[in-house]
Amino acid sequence: MQNEKYKGKIFSFYELLASTKIEIPIIQRDYAQGRKDKKKIRQNFLEALYESIDKEEKIMLDFVYGSNTDDSFQPLDGQQRLTTLFLLHWYAAQKDNKLVDEKNILIKFTYETRISSRDFCNSLIDNSFNLSRDISPSEVIIDSPWFYLSWKNDPTIDAMLRTIDDIHHQFYNIPNLWYKLTSKEFDLIQFYHVELENIGLTDDLYIKMNARGKLLSTFENFKAGFEKRIRDEKWESYSDFTKSFAFRIDTAWTDLFWKHFRKDNTVDASFVNFISTLLMVRQSVERNKKTEERLRIISKLQEDSNNISPKLFSLDDFQYLVECLNLINDHFIEIEAIKFNFPLFRHEPKESLVKTITLESDASYTQKVLLFAQLEYFRKVKNVDTQKYLEWMRVVRNIVSRGDIEKSGKRPDIVRSPATFDGVIYLISELSKGCNDIYGHLSEIRNLNSTFAKEQVEEEKFKAKIIFKNPDTKKTLFELEDTDLLRGRIDFIFYCLDINKQQDNIDTKFLEEIKTVFLSNLSSDACLTNDLRRALLTISVNGRYEFYHYWWSFWNVVDSDKRRLIDKYREIEYLIHSEFSEYFKILIHKLKTNNLKEIADNFNPENNFPNWKLRLIKEEKLLNENSSNYIAIPQDNSYCYLLKSKRPRDKKGCIKIE
C-alpha cells in the first residue's frame, strides 16, 4: 500500500478543482508561460492541448506536486501548467456560456496573497462577454469597466492576457470545448497529482524546494515531455516513486543544482545546459544516426541549449543522463577537490568544468569535450587515483589543444565545429577504456577505430612508451607540454633530440639539456625579442640564411619582396612545425653553449654574406629602433628596407640598409 502513495492520483484539471481549492503560494514566481519571450514554449504547450482535444486523444501532463494547506492545494511544481489550464477552462466556459453554471468551480483557482492576480481571476469569472473571431479577448477585457488600468503593470496579469489571446486564436473554432475538457466521457487532458506529505517530505523541505523550483518554460516543457517519454517507453520499472527520474529531478538533483549551479536565482538554465551537453556527447558516442543528422543535432544544441528535445533520447541516452546526474550528485565534492596541476590554456574554466558547462550558455566545444573526459574517468574508475586521473586529463588536454597554426600566428581551435566535436568525442570514448592508467594503455594499444588527431595520438603513444621505460622523464615531458608555445605537442623537442621513434629510446640527460634551453629561450611570448631575431639571422640551413622566407608579400614602391622577422610570438609555433623547423633546431643546439646575444655578437659571416644582413645582426639599434618587424629585399639581395609598417605607401619613414 505504501507504494501507491508514491504514484499519486490521476486527475483532470476540472476534477482537481472540483475536489479542492488550488492556491498559488506567495513564494511561487509570476506566471512566466505567458511572457513575450516564452511564445515558442507557450504555443507548443497549447498546440499539444489542441491536438489532444481536436483528435480526441489523451495526453498526460506528468506530475503536479504540492502540499495541502488549510483545505487548499498549493502547487510546488506545476504552477505554469495549472495557470494555463485554468485560463483554457475559463475561456471554454466563456465561449460555451458556462460561466454562471461553473462559477463555484472556477472560483476555486486563486493566488494566495497576490491581490491583483487573485482579483483579476475572480473578475474574469464574474463577467461574461461575447467572443468574436476577429477581436482579441484582451482588448475587450482591458476596455471593460471592471478592469483596473494598474493591472496592466502586474506581470502575471499581463502574461495571462497574452495567453488568453493565444488560446482564442487556437481554440475558437472547436465546438463543445467545455464539454470535451470536463466530461468523464473524454478525460483527454490529465496529470498525476502528488501530495508531498504522502511521500515523506517535510514542510521545511517543501518551502526550500518551492523557493528554488521556479521552472523556466524551456526546462518545464522538456521535463514534462521527457517524463512522458520515459513512461511511454517504459524506461523505468521502479515501484518506489522516490527513485524515479521524475522525483529525483525535482528533489535531489535540484538540490544539487541549487547549491552549486544556481544563476539569477534559478537552476533551470543550468539543467538545460548540462542535459544539452550530454545529449551532444551521446550523438558521437553511440553513432546510431547518419553523420549528417548527427552533426545537425550537435550544431543546433551548441548554438542553443534550448533545442533539447525528448525525441532525441534513446534508452541508453536516458540511462547515461541518469548515471551522470547521480555521479555529480554523489561525487561533486570529490571531483571538485582535484584541481588540475597543468594549464588548459584558452579553455581554462573560471571555476571548474562542470560549473562552466552548467552556468555558461556559450561554453566552447572544447570545454564540453573536457567535461566528457572528466565524467568518463569517474564513471569507469571506482577507486580514484589522483595522479592517474590527472594523467588521463592531461592526455585529453594535449589532444584538444592541438591547433592548425597558420603562418600569421592565428591558431584556431582544433575542436571548433560539429564534425571535429563528433570526431574527438568518439576518440576519447575509445581511449577512456584505459583511463584508469592511460599511459599504460597507450603504451600497449596498436590500432584505434578513431582516426581523429592521429598525429597527436601517435605522439601520446610514443610519450607513453618513453614514460613506461623511463619514469623519470615524466616530469620533464610535462614541463615542456605545459609551455604556452608547445601546448601539449612536443614533437619539435623529439626532433631536436634526433630520436628514432621506432626504438623508443631517449637520452634523458640530453632531454633535460634541451628542456632547459627551450624553457629559457622560447617557452613564453616574453622570449620574442630582437636578440632572438638577430640570432636567427645567423642560422644557415642548406647554405641559406633565410628563416624569414616563411612569409612573403610584394612591395611595389621599390620593386622588392616583403619579408617578416617574426611579428607575433605564435608565429614561432608555425615555424617549428613547418619546413623552417631546422632553423630553430640549430638555434636550440647553439643555445646550449651561448646565449642569444652571444650567438649574434660572435657570428662570423661567409664571404658572400649580404652586408645589410650582417648590419642587422651586429648593430642592435637597427632592429631596436625600427617601428615594425617587416623588411623589403630586392631580387639582387644588395640591400633591404626596414619598413615603418606592414603596408607602407611610400619610402618615407622606411630605412634603407646597405
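Residues numbered from 1 in each chain as written. Predicted model: local features only at pLDDT ≥ 70, side-chain atom pairs only at ≥ 80, totals over all residues. Heavy atoms only, no water.

A. Structural detail: the layout of surface pockets. Space inside the largest pocket adds up to approximately 1300 Å³. Surrounding the largest pocket, 41 residues form its lining, Asn221, Gly225, Ser309, Pro310 and Lys311 being those nearest its centre. Every element with two or more residues in the lining of the largest pocket is listed here: α3 (39-55), β3 (59-69), α11 (217-232) and α15 (291-303). Looking at the lining of the largest pocket, the element that brings in the most residues is α11, giving 10 residues. Across the lining of the largest pocket, the residue classes tally to 13 nonpolar, 10 polar and 18 charged. (1 Å grid on protein atoms, 1.4 Å probe; cavity = no way out; pocket = protein on both sides within 12 Å on 5 of 7 lines; lining within 4 Å. Points joined across faces, edges and corners; volume = space filled by probe spheres on them. Helix = DSSP H or I, 4+ residues; strand = E, 2+ residues; numbered from the N terminus. Nonpolar A, V, L, I, M, F, W, Y, C, P; charged D, E, K, R; others polar.)

B. Geometry of the sheet that holds β3. Pairing is mixed in the open sheet, where six strands are placed in the order β1-β6-β3-β4-β2-β5. Unpaired on one side and paired on the other, β1 (9-11) and β5 (109-111) mark the two borders of the sheet. Strand-to-strand twist in this sheet, taken as the mean axis angle between neighbours without regard to direction, amounts to 40°. Sheet topology places β3 next to strand β4 (residues 72-77); five bridges connect them, and they run antiparallel. (Pairing = 2+ DSSP bridges. Axes fitted to C-alpha atoms, helices over the stretch in contact; angles between N-to-C directions.)

C. Here's a closer look at the confidence of the model for the chain. Taken over all residues, the pLDDT of the chain has a mean of 90, while the share at 70 or more is 95%. Here residues 1-6 is modelled with pLDDT under 50, and outside its nearest four sequence neighbours on either side it reaches 11 contacts, counting other chains as well. Residue range residues 199-217 is modelled with pLDDT below 50. Its contacts to residues more than four positions away, or to other chains, number 48 contacts. (pLDDT = per-residue confidence, 0-100. Contact = heavy atoms within 4.5 Å.)

D. Here's a closer look at the sheet that holds strand β9 (residues 630-633). One open sheet accounts for five strands, arranged β7-β8-β9-β10-β11; its pairing is antiparallel. Every interior strand has two partners, whereas the edge strands, β7 (553-555) and β11 (655-657), have only one. For this sheet, the mean angle separating the axes of adjacent strands, direction not counted, is 35°. Sheet analysis places β9 next to strand β10 (residues 640-642), joined by two bridges and oriented antiparallel. Note that in β10 the partner of Ala632 across the bridge is Tyr641. Against the sheet, helix α30 (residues 611-618) contacts β9, β10 and β11, and its axis sits at roughly 35° relative to β10.

E. Focus on the packing of aromatic side chains. Overall, the coordinates contain 43 aromatic pairs when judged by the stated rule. A centroid spacing of 5.4 Å and a plane angle of 25° characterise the contact between Trp235 and Phe318, whose relative ring orientation is stacked. Linking Trp235 in the loop between α11 and α12 (245-248) with Phe318 in helix α16 (residues 315-337), this pair joins segments that are 83 residues apart in sequence. An identical accessibility class is assigned to Trp235 and Phe318; each is buried. A ring pair is formed by Tyr365 and Phe421, whose centres lie 5.4 Å apart and whose planes are at 40°; its orientation type is tilted. Placement of the pair is Tyr365 in helix α18 (residues 365-380) and Phe421 in helix α20 (residues 418-431), with a sequence separation of 56 residues. Of the two residues, Tyr365 and Phe421, both sit in the buried class. (Phe/Tyr/Trp six-rings, centres within 6.5 Å; stacked < 30°, edge-to-face > 60°. Buried < 20%, exposed > 50% of the residue type's maximum accessible area, 1.4 Å probe, protein only.)

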